[in-house]
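What the coordinates show
So the chains spell out like this:
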Amino acid sequence: AIEAHLIRKSPGGLTYIAEWKGGVLDHKMGHLTCFAAGMLALGANDAPQNKKEHYIELAAEIASTCHESYVRTDTKLGPEVFRFDTGAEATSSRLSERYYLLRPEVVESYLYLWRLTHNPKYREWGWEIAQALDTYCRIENGFSGIRDVYTTTPNHDNVQQSFFMSETLKYLYLLFSEDDLLSLEDWVFNTEAHPLPISRVQSV
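Just so it is clear, the structure is predicted and the values come from calculations on it, not from any experiment.

1. Notes on the packing of helix α2 (residues 35-45) against helix α3 (residues 49-71)
Interaxial distance between α2 and α3 falls to 8 Å at its minimum, and their mutual angle equals 165°. The orientation of α2 with respect to α3, classified from their angle, is roughly antiparallel. Judged by the sense of rotation from one axis to the other, the crossing of α2 with α3 is left-handed. Counting all contacts with α2, which are made through A37, L40, A41, A44 and N45, the residues of α3 involved are K52, Y55, I56, L58, A59, I62 and A63. Residues that form the contact of α2 with α3 fall into these classes: 10 nonpolar, 1 polar and 1 charged.

Here you go:
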């Protein structure tokens, strides 16, 4: 249903997930939506054989669009919302949407796609984020969100969100770890990236 009704391709060739509002598509994508690339990748892993390649490619396209929302900013950190209307391509056209709250969704998708494809670009993209975090979000006592990702003179919001350590840094750590550390075959992450063991029933 998401693919049929929400996924669209921009004039520049970027695949994105639009928002459905009262029967009308709003051609914008929130940073939060970038988790969907990882969701689709996990789905592809257990999909019927004739669907696996399609869904892993779709996941990769959405992750690439989220990556573009990062690299098209001055800080190389992604805005809260990026648009695909009035000539915008994976960029924020409104001042109120340009902030970055140390969110984990893009790194989360990089982790899943790395584990499932071992394409080195996902580690390269993750390292770009790690460097940008250190450059623009590190402050004396931790890390802070910034109010405008399109300026290299950061205006910090002086808040280190709880999900930064539980999710963003954890996904970055796992991205550069061996696959057997919290293997996807043995663990599933809840919404705050707490690992829960997968129980397997032994057949008698």
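2. Looking at α3
Over its 23 residues, α3 runs 34 Å from end to end, which matches the ideal 33 Å to within 8%, given 1.5 Å per residue. Taken residue by residue, α3 has L58, A59, I62, A63, T65, C66, H67, S69 and Y70 as its buried positions.

3. Here we look at the UniProt feature "binding site: Ca(2+)" (unreviewed entry) in the protein chain
Under the UniProt annotation, the feature "binding site: Ca(2+)" (unreviewed entry) is placed at T191. Tracing the backbone shows T191 in the loop between β9 (187-189) and β10 (195-197).

4. Looking at the environment of R103
Residue position: R103 is located in the loop between β6 (81-83) and α4 (105-117). Sequence separation between R103 and T152 is 49 residues, and the spatial gap between their C-alpha atoms is 19 Å. Excluding its chain neighbours within four sequence positions, the residues that come into contact with R103 are H31, L32, Y70, E80, F163 and T168.

5. Considerations on the packing of α3 against helix α5 (residues 121-137)
Here α3 crosses α5 at 30°, and the two axes come no closer than 12 Å. Our classification of the angle between α3 and α5 gives roughly parallel. The handedness of the crossing between α3 and α5 is left-handed. When α3 is examined against α5, the residues A60, A63, S64, H67, Y70 and V71 are found in contact with a partner set consisting of Y122, W125, E128 and I129. Classifying every residue of the contact of α3 with α5 by side-chain character gives 7 nonpolar, 2 polar and 1 charged.

6. A closer look at the nonpolar core
Among the nonpolar cores identified, the biggest contains 50 residues, and M29, I62, L77, Y100, I129, L133 and C137 are the most heavily contacted of them. Apart from the residues within four sequence positions on either side, Y100 is in contact with H31, Y70, L77, G78, L133, C137, G145, I146 and V149.

7. Some thoughts on the state of the cysteines
Within this structure, the stated rule accounts for 1 disulfide. At a sulfur-sulfur separation of 2.1 Å, the disulfide partner of C34 is C66. Every disulfide takes its handedness from the sign of the S-S torsion; for C34 and C66 that torsion is -100°, giving left-handed. One end of the pair, C34, is in the loop between β5 (28-30) and α2; the other, C66, is in helix α3, with 32 residues separating them in the sequence.

8. Here's the deal with the pattern of salt bridges
Using the criterion set out here, one finds 13 salt bridges in the structure. A salt bridge links R200 to D186; the shortest N-O distance between them is 3.4 Å. Here the residue R200 occupies a position in the segment after β10, and D186 occupies one in the loop between α6 (162-175) and β9, the gap between them amounting to 14 residues. Sharing partners across several salt bridges, the network here consists of E19, K21, D26, K28, R83, D85 and E97.

Definitions and cut-offs
- Residues numbered from 1 in each chain as written.
- Predicted model: local features only at pLDDT ≥ 70, side-chain atom pairs only at ≥ 80, totals over all residues.
- Heavy atoms only, no water.
- Axes fitted to C-alpha atoms, helices over the stretch in contact; angles between N-to-C directions.
- Helix = DSSP H or I, 4+ residues; strand = E, 2+ residues; numbered from the N terminus.
- Parallel < 35°, antiparallel > 145°, perpendicular 65-115°, else oblique.
- Left-handed = near helix turned anticlockwise from the far one by under 90°.
- Contact = heavy atoms within 4.5 Å.
- Nonpolar A, V, L, I, M, F, W, Y, C, P; charged D, E, K, R; others polar.
- Expected span 1.5 Å × (residues − 1).
- Buried < 20%, exposed > 50% of the residue type's maximum accessible area, 1.4 Å probe, protein only.
- UniProt positions renumbered as here; feature names shortened; annotations may be inferred.
- Core = buried A, V, L, I, M, F, W, Y, C linked by side-chain atoms within 4.5 Å.
- Disulfide = S-S within 2.5 Å.
- Salt bridge = Lys/Arg side-chain N within 4 Å of Asp/Glu carboxyl O.

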